[in-house]
Amino acid sequence: MKKQTIPIEQLARLRRIRGPARLMDTALRIPGTRVSLGADSVLGLIPGIGDFGAAAVSLFIVNEARRLGVPNDKLLKMLVNVGFDTVAGSVPVVGDVFDVYFKSNRRNLQLVLDHFGLDHADLDRSR
């Protein structure tokens, strides 16, 4: 897909959703491995409310994507990712391991970037 030139306001919003996506899914790397985890994995350890708190942050990302003009079909995929992560992550023990590997926020960020024809490096460039 051809890269689009997007207004600075939209670029700033994309950068704002990248932060929570990283925090929730890949904030920490396990030394000596290629495995990373984030707050989603840690919050999932709190019975009953942890996974739903993580879902609230994930829904912020989906809402920002909506405000950026991401089409409904991609928003639906994003909501499916959040729902799947929330339901599967809520299963004791297995869900905690699942959260380490299924990174719904990073997947959702990638859907948004793909929509605009951008990649992660584009968010690092100043315009």
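My aim in this report is to walk through the structure given alongside it, one point at a time. If you're wondering where the values come from, they're calculated on a predicted model, not measured in any experiment.

With 21 residues, the main nonpolar core has Leu-14, Met-78, Val-112 and Phe-116 as its most contacted residues. Secondary structure elements with two or more residues in this core: α1 (8-25), α3 (50-68), α4 (72-89) and α6 (104-116). Residues in contact with Met-78, not counting those within four places in the same chain, are Ile-61, Val-62, Ala-65, Asn-108, Leu-111 and Val-112.

Two elements in contact, α3 and α6, have axes whose closest approach is 10 Å; the angle formed by their N-to-C orientations is 10 degrees. When the axes of α3 and α6 are compared, the pair comes out roughly parallel. Taking contact as the criterion, the partners of Ser-58, Ile-61, Val-62, Ala-65 and Leu-68 in α3 are, on α6, Ser-104, Asn-105, Asn-108, Val-112 and Phe-116.

With their axes 10 Å apart at the nearest point, α1 and α3 run at an angle of 160 degrees to one another. If you check the angle between α1 and α3, you find them roughly antiparallel. Handedness of the crossing formed by α1 with α3: left-handed. Contacts from Gln-10, Arg-13, Leu-14, Ile-17, Pro-20, Ala-21 and Met-24 of α1 reach α3 at Ala-54, Val-57, Phe-60, Ile-61, Glu-64, Arg-67 and Leu-68.

On to the packing of aromatic side chains, then. Centre-to-centre distance and the angle between the planes together describe a pair of aromatic rings. As enumerated under the stated definition, the model contains 3 aromatic pairs in all. A centroid spacing of 5.2 Å and a plane angle of 85 degrees characterise the contact between Phe-84 and Phe-102, whose relative ring orientation is edge-to-face. On the criterion of sequence distance, the pair formed by Phe-84 in helix α4 and Phe-102 in the loop between α5 (94-101) and α6 is long-range, its members being 18 residues apart. A relative accessible area of 44% places Phe-84 in the partly exposed class. The class of Phe-102 is buried, set by a relative accessible area of 10%. When the ring of Phe-98 is compared with that of Phe-102, the centres are 5.1 Å apart and the planes differ by 15 degrees; the resulting orientation is stacked.

Locating Met-78 in the fold gives a position in helix α4. According to the relative accessible area criterion, Met-78 is buried, its value standing at 0%. Note: C-alpha distance between Met-78 and Leu-14 (64 residues apart in sequence) is 15 Å.

Pairing is possible between side chains that carry opposite charge, provided their charged atoms lie close to one another. Counted under the stated rule, the structure contains 3 salt bridges. Arg-13 is the salt-bridge partner of Glu-64, the closest N and O atoms lying 2.7 Å from each other. Of this pair, Glu-64 sits in helix α3 while Arg-13 is found in helix α1, placing the two residues 51 residues apart along the sequence. The residues Glu-64 and Arg-13 share a single accessibility class, namely buried. Across the salt bridge formed by Arg-67 and Glu-64, the nearest N and O atoms sit 3.0 Å from each other. Linking Arg-67 with Glu-64, this pair stays in helix α3, spanning 3 residues, or about one helical turn. Here the salt bridges share partners, and the residues they tie into one network are Arg-13, Glu-64 and Arg-67.

Tallied over the entire structure, the rule returns 1 cavity of 30 Å³ or more. Each pocket or cavity is described by its volume, and for the largest cavity that value is around 50 Å³. Taken together, Asp-40, Asp-51, Ala-54, Ala-55, Ser-58, Val-82, Asp-85, Thr-86 and Ser-104 make up the full set of residues lining the largest cavity. Counting residues per element, the ones that place at least two in the lining of the largest cavity are α3 and α4. The element contributing the most residues to the lining of the largest cavity is α3, with 4 residues. Of the residues contributing to the lining of the largest cavity, the split by class is 3 nonpolar, 3 polar and 3 charged.

About the cut-offs
- Residues numbered from 1 in each chain as written.
- Predicted model: local features only at pLDDT ≥ 70, side-chain atom pairs only at ≥ 80, totals over all residues.
- Heavy atoms only, no water.
- Core = buried A, V, L, I, M, F, W, Y, C linked by side-chain atoms within 4.5 Å.
- Buried < 20%, exposed > 50% of the residue type's maximum accessible area, 1.4 Å probe, protein only.
- Helix = DSSP H or I, 4+ residues; strand = E, 2+ residues; numbered from the N terminus.
- Contact = heavy atoms within 4.5 Å.
- Axes fitted to C-alpha atoms, helices over the stretch in contact; angles between N-to-C directions.
- Parallel < 35°, antiparallel > 145°, perpendicular 65-115°, else oblique.
- Left-handed = near helix turned anticlockwise from the far one by under 90°.
- Phe/Tyr/Trp six-rings, centres within 6.5 Å; stacked < 30°, edge-to-face > 60°.
- Salt bridge = Lys/Arg side-chain N within 4 Å of Asp/Glu carboxyl O.
- 1 Å grid on protein atoms, 1.4 Å probe; cavity = no way out; pocket = protein on both sides within 12 Å on 5 of 7 lines; lining within 4 Å.
- Points joined across faces, edges and corners; volume = space filled by probe spheres on them.
- Nonpolar A, V, L, I, M, F, W, Y, C, P; charged D, E, K, R; others polar.

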